[in-house]
Amino acid sequence: MAYAIAGGIAHDLNTILTAIYGYSELAQESAGDAAATEKYLERIIGAADRARSLTAQLIDLSRGALQPPQRVNVGEILADAVRFLRLSAGDNITIAEKITAPELHVDAVPAQLFRLFINIAANALNAMKERGGRLVITLEAVSDRNGSDGEAADTALVRFADNGRGMDRETTERLFEPFFSKSEEAGGTGLGMMVVSAIIHDLGGAVRVNSNAGTGTVVELLIPLSGFGTVDEKSYLRKTD
Amino acid sequence: MAGVLIVEDDADLREMLRDALEKRKFTVITAANGREALARFRPSVVDLVVTDLLMPEEDGLMVIMKIRELKPSVKMIAISGGGKAGPGSYLLMASTLGADHVFSKPFLPSELVQKVREILA
């Protein structure tokens, strides 16, 4: 995983650097044409912003290594994220939260968890920005141990369900590949969901994505509760499918 | 003036290359991925293709092979920022498949323009 992420970061940074070099050279050649120079400088700043977004993802990824995880309340962090998202969502988008288990604790770095939620929700908002829509964020406690009913919860399930443009099967299957991005027009770097997956796996959890073109996307994060081991994704899938 | 098809999935870079070539009076067509490139390719207009190698739909190696089938005389330049197999080996594959020149990102647009002129001379 680390090699693939490093390769993806190098690829994206080289692409961004080419744009920065290129627009810088075009700006040099445009001396005397203020409008052209201004346009090229704006493009340079835009490309630098993308590089900053990339390094922010790197920091997110390394945060778990730099800071020790602590016992955190998932519901509180999710509620903070929802407040933040409501400030940035367009008027044509509604965000609903359904926190059925407000006292779920997991072992994580709070800032990393917050950025993780924001990252996934931002993809959902992006998928709804043209036509508008509804994002429903749910937090509940589930059990993945052997799939038996009535067992005590051991896993936090955070679900992001939007009714945006969705993705076809091929796109969904390739979502976690480092070079596969559908959000380039929005300035994406193509590493977002791969970073999400890497962080979640570091937490001992799992990510699940279901999407249909035209109807929307559901992203589910399974994070083991404090004191429990790695999420058994296969068991969870058997139980709910 | 000669026609150039730019195939690059990164919007910033695609537009930068378009600006650089249009300033030098080339006729430029752009495509965001291999599939678009094949749809937009016009043998009578395009003399040279500049293609990225790692793209979401129909990667650059497929672009090189399929466009060569449509117009064997078309010139090709492959560009890459690196990848799973390493930038060198992926660009080497492009050369093997018939790319006239390869560039590792980052590169300057003036270097590309100079190479385009040399290849089309």
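Because the structure is a prediction, the values reported are computed rather than measured.

Moving on to the overall build of chain A. From N to C terminus, chain A includes 7 helices and 7 strands. With 241 residues in all, chain A has 38% of them scored as buried. Partitioning the intrachain contacts of chain A with sequence separation of at least 6 by distance along the chain shows that 73% fall at a separation of at least 24.

Turning next to the nonpolar core. Ranked by size, the top nonpolar core spans 46 residues in total, and within it B:V4, B:L5, B:V7, B:V49, B:V50, B:A78 and B:A94 carry the most contacts. Among the elements that take part in this core, helix 1 (residues 2-29) of chain A stands out by supplying 8 residues, more than any other. If sequence neighbours within four positions are ignored, B:V4 has contacts with B:L21, B:F26, B:V28, B:L48, B:V50 and B:V116. Counting residues in hydrophobic clusters, the runner-up holds 44 residues, among them A:L61, A:L116, A:M194 and A:V219.

To continue, consider the pairing of strand 2 (residues 27-31) of chain B. All names here are of chain B. Here strand 1 (residues 3-7) pairs with strand 2 via 5 bridges, running parallel. Its bridge partner being in strand 2, I6 is matched across the sheet by T30. Read from strand 1 through helix 1 (residues 11-23) to strand 2, the crossover connection turns out right-handed.

Another aspect to go through is the sheet that holds strand 7 (residues 216-224) of chain A. Residue and element names in this part refer to chain A. On the basis of which strands lie adjacent, the open sheet formed by 5 strands has the order 2-4-5-7-6 and mixed pairing. The two strands at the open ends of the sheet, each matched to only one other strand, are strand 2 (93-99) and strand 6 (206-212). For this sheet, the mean angle separating the axes of adjacent strands, direction not counted, is 10°. Inspection of the sheet shows strand 5 (residues 155-162) paired to strand 7 by 8 bridges, in the antiparallel sense. Bridge assignment links D162 to a residue of strand 7, and that residue is T217. Helix 4 (residues 110-128) rests against strand 2, strand 4 (133-142), strand 5 and strand 7 of the sheet, and its axis sits at about 15° to strand 5.

With that settled, the discussion passes to the sheet that holds strand 4 (residues 75-80) of chain B. Residues and elements named next belong to chain B. The strand order 2-1-3-4-5 describes an open sheet built from 5 strands, whose pairing is parallel. A single partner strand is all that each edge strand has here, and the edge strands are strand 2 and strand 5 (101-104). For this sheet the average axis-to-axis angle between neighbouring strands, irrespective of direction, equals 15°. Sheet analysis places strand 3 (residues 48-52) next to strand 4, joined by 5 bridges and oriented parallel. The residue of strand 4 that forms the bridge with V50 is I77. Where helix 3 (residues 60-70) meets the sheet, its contacts fall on strand 1, strand 3 and strand 4, and the angle it forms with strand 3 comes to roughly 160°.

Turning our attention to the packing of helix 1 of chain B against helix 5 (residues 109-120) of chain B. All names here are of chain B. The interhelical angle for the contact between helix 1 and helix 5, taken along N-to-C directions, is 55°, at an axis separation of 10 Å. Here helix 1 lies oblique to helix 5, going by the angle between them. Crossing geometry of helix 1 relative to helix 5 is assigned as right-handed. Contacts between helix 1 and helix 5 involve M16, L17, A20 and L21 on the former and, on the latter, P109, L112 and V113. For the contact of helix 1 with helix 5, the residue count by class is 7 nonpolar, no polar and no charged.

Residue and element names in this part refer to chain B. The omega torsion across K105 and P106 is 0°, close enough to zero to call that bond cis. In the Ramachandran plot, K25 falls in the positive-phi region, its phi being about 70° despite a non-glycine side chain. Secondary-structure assignment places K25 in the loop between helix 1 and strand 2. Exposure remark for K25: the 9 C-beta atoms within 10 Å place this residue in the exposed category.

Definitions and limits used
Residues numbered from 1 in each chain as written. Chains lettered and ligands numbered in written order. Predicted model: local features only at pLDDT ≥ 70, side-chain atom pairs only at ≥ 80, totals over all residues. Helix = DSSP H or I, 4+ residues; strand = E, 2+ residues; numbered from the N terminus. Buried ≥ 20, exposed ≤ 12 C-beta atoms within 10 Å, placed from the backbone. Contact = placed C-beta atoms within 7 Å. Core = buried A, V, L, I, M, F, W, Y, C linked by C-beta atoms within 7 Å. Pairing = 2+ DSSP bridges. Right-handed = clockwise from strand over helix to strand, strands pointing away. Axes fitted to C-alpha atoms, helices over the stretch in contact; angles between N-to-C directions. Parallel < 35°, antiparallel > 145°, perpendicular 65-115°, else oblique. Left-handed = near helix turned anticlockwise from the far one by under 90°. Nonpolar A, V, L, I, M, F, W, Y, C, P; charged D, E, K, R; others polar.

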